[in-house]
Amino acid sequence: MDEILQKIISALDEGEDEQISLLVRQALAIGFEPMTILENALVPAMTRVGEKFACGEYFLPNLIVSAEAMKQAMFVLEPVMRQRQQMLKRAGVAVIGTVQGDIHEIGKTLVGTMLSVNGFEVHDLGVDVTPEKFVSAVAETGANLLGLSALLTTTMTVQRDVIQKLEDAGIREQVKVIVGGAPVTRAWADEIGADGYAEDAIGAVEIARRLLDVEGII
Ligand code: B1M
């Protein structure tokens, strides 16, 4: 693997947020595409940190510093991604957030960024978002896409609650609901009556465009 990507992986693993910003800028300067940096360095490195946490090699502080480094890297990448795709015509209006009880934000933000750079007007509600807040945001923005992220097995069920609340409010038909996050599966999406499921951020854009019948390339 390229040396610079390897350095980015190490910086994320060690949670070196200043160093990682520098390295990501360097990688862009020598011609790496933002998606290559994301897919070949940042995302696998973050996944590896999670695996080390799961097996007891890393502890919560490791997760926190690595997540912070990931966010810093995203701050550098996001404007570049936006700049490169800003000519796209509007694909739709999306509301997105991580569900109540869950503060994992990186995957959700990545999905929001990818939707945004692919022509969606994105209203990112952040993390720990109640079903009620999702419902009012859909009503207020007139969104035709709602993205619900959940990273914990204990918070996946809130995705079902949100869909139920949309039905209660009489606006379920107005909006396509897509769900995702590490524990979420297609079977779960079907079970709770979501319109779509995606395993990653690019998949989220693909399914959103398909559901809303938007033409064009990602
Ligand atoms: Co947490 N955490 N965490 N954590 N954390 C996981 C999720 C875990 C799998 C780690 C592990 O044990 N291996 C585990 C969950 C176990 C489970 O329920 N199955 C876990 C746990 C247990 C916890 C705590 C309970 C730990 C504790 O306190 N004891 C706690 C819970 C806090 C809470 O939310 N209430 C907690 C806390 C944290 C931190 C705050 C330290 C930090 C988050 C910081 C932040 O976001 N600002 C953190 C982190 C960093 C992780 C891991 C290591 C990495 C998550 C991440 O950012 N991945 C994670 C392990 C893992 O997932 N491997 C873990 C990178 C990101 C790009 O991927 O978020 O999966 P991801 O998003 C992907 C896809 O999932 C998908 O696309 C994204 C891009 O490709 N996707 C969607 C996501 N949302 C989507 C929505 C869509 C479509 C696709 O449509 C709408």
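This is a predicted model, so every value here is computed, not measured.

Conventions adopted
- Residues numbered from 1 in each chain as written.
- Predicted model: local features only at pLDDT ≥ 70, side-chain atom pairs only at ≥ 80, totals over all residues.
- Heavy atoms only, no water.
- Salt bridge = Lys/Arg side-chain N within 4 Å of Asp/Glu carboxyl O.
- Helix = DSSP H or I, 4+ residues; strand = E, 2+ residues; numbered from the N terminus.
- Buried < 20%, exposed > 50% of the residue type's maximum accessible area, 1.4 Å probe, protein only.
- Near = heavy atom within 4 Å.
- Polar contact = N/O pair within 3.5 Å; in protein donor to acceptor, adjacent residues only side chain to side chain.
- 1 Å grid on protein atoms, 1.4 Å probe; cavity = no way out; pocket = protein on both sides within 12 Å on 5 of 7 lines; lining within 4 Å.
- Sits in = over half its atoms within 2 Å of the grid points.
- Nonpolar A, V, L, I, M, F, W, Y, C, P; charged D, E, K, R; others polar.
- Domains from an automatic or database assignment.
- Donors = N, O, S within 2.8 Å, 3.2 Å for Na, K, Ca; no water.
- Pairing = 2+ DSSP bridges.
- Right-handed = clockwise from strand over helix to strand, strands pointing away.

### Thoughts on the pattern of salt bridges
Any two side chains of opposite charge can pair, on the condition that their charged atoms come close.
So, point 1. Applying the stated criterion to the full structure yields ten salt bridges.
So, point 2. Between K165 and E132 there is a salt bridge, and its shortest N-O distance comes to 3.9 Å. With K165 in helix α7 (residues 156-168) and E132 in helix α6 (residues 131-141), this pair connects stretches of sequence that are 33 residues apart.
So, point 3. We classify K165 as partly exposed; its relative accessible area is 33%.

### Focus: the site of the ligand
So, point 1. Neighbouring the ligand are 33 residues, the closest being G101, I103, H104, E105 and S149.
So, point 2. Contacts to the ligand include S149, whose side-chain N or O atom sits 2.7 Å from a nitrogen atom.
So, point 3. Cavity membership is defined here by more than half of the atoms lying within 2 Å of grid points; on that basis the ligand lies in the largest pocket.
So, point 4. Partitioning the shell around the ligand into residue classes produces 20 nonpolar, nine polar and four charged.
So, point 5. For the shell around the ligand, the two domains that each supply at least three residues are domain 1 (3-83) and domain 2 (92-212).

### Structural notes on the coordination of the cobalt atom of the ligand
So, point 1. You will see that the cobalt atom of the ligand has only one donor from the protein, H104 (NE2), lying 2.2 Å away.
So, point 2. Within the secondary structure, H104 sits in the loop between β1 (92-98) and α5 (106-117).

### Regarding the pairing of strand β2 (residues 120-124)
So, point 1. As defined by bridge partners, β1 adjoins β2 across five bridges and the pair is classed as parallel. Residue pairing across strands places V93 opposite E121, the latter belonging to β2.
So, point 2. The parallel pair β1 and β2 is bridged by α5, and the resulting crossover is right-handed.

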